[in-house]
Amino acid sequence: ELRSLVELRDILPTFLDAANSLGSKYKKDRFDGQSMLDLVRSKDAEWRTALDLEHSRCYFSDNQWNALTDDRYKYIFFSFTGREELYDLKNDPGEERDLAADPKNAKLVATYHDQLAALFVKQGRDERFVKNGKLQKHENILIGPNYTGYKVLTPEQKKAADEKKKAASEKK
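I will try to describe carefully the structure that is included in this document. Since this is a predicted model, take the numbers as computed values, not measurements.

## Re the side chain of Asp 88
Mapped onto the secondary structure, Asp 88 falls in strand β4 (residues 84-88). A relative accessible area of 9% means that Asp 88 is categorised as buried. Within the structure, the side chain of Asp 88 is placed 2.8 Å from the side chain of Asn 91, a separation counted as a polar contact. When sequence neighbours within four positions are dropped, the list of residues in contact with Asp 88 reads Arg 72, Tyr 73, Pro 93 and Leu 99.

So this is what it looks like as structure tokens:
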């Protein structure tokens, strides 16, 4: 039985691999996902141990969140409010009992919080997402940091750009 964490972002690299379109130039860092054929080719394939999930605000202003899940737990960080949730997927697959509020789970919540923060740093997210190793509350960011061709500015960078634009318009 083959059990691995796979997701939608693994489809493109898998199709390209199956079509032999990746060739020798295939580099795993070119895609967010991985070819699932690696799992079929080798039981010892290097594969992820957790998935990151993201939901931007679309229906309710406070319902934007990031999550990290593995075979056992799902940790959710609500970036608008800072609220955290933790679910035991083995014993509660319907995610009906939030374990984060129970003080006996504080260490486990902190572990997943730190793992998600470390992932954000690895992805190159700015201080609006993670600062000093801690996830940050923030207003809605309409275009995510992984949107190709869009440079996400920190508040300081935006202020500097606005000041530069204002100074240029005053010269005219």
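## Points about helix α1 (residues 11-18)
Looking at α1, one finds that the buried residues are Pro 13, Thr 14 and Asp 17. All buried residues of α1 fall inside an arc of 100° around its axis, so they share one side. Buried residues belonging to α1 abut α2 (37-41).

## Quick notes on the sheet that holds strand β2 (residues 65-69)
With antiparallel pairing, four strands are arranged side by side in an open sheet as β1-β2-β3-β4. A single partner strand is all that each edge strand has here, and the edge strands are β1 (51-55) and β4. Each adjacent strand pair in this sheet contributes to an overall mean axis angle of 15°, direction not counted.

Rules behind the numbers
- Residues numbered from 1 in each chain as written.
- Predicted model: local features only at pLDDT ≥ 70, side-chain atom pairs only at ≥ 80, totals over all residues.
- Heavy atoms only, no water.
- Helix = DSSP H or I, 4+ residues; strand = E, 2+ residues; numbered from the N terminus.
- Buried < 20%, exposed > 50% of the residue type's maximum accessible area, 1.4 Å probe, protein only.
- Polar contact = N/O pair within 3.5 Å; in protein donor to acceptor, adjacent residues only side chain to side chain.
- Contact = heavy atoms within 4.5 Å.
- Arc of directions from axis to C-beta.
- Pairing = 2+ DSSP bridges.
- Axes fitted to C-alpha atoms, helices over the stretch in contact; angles between N-to-C directions.

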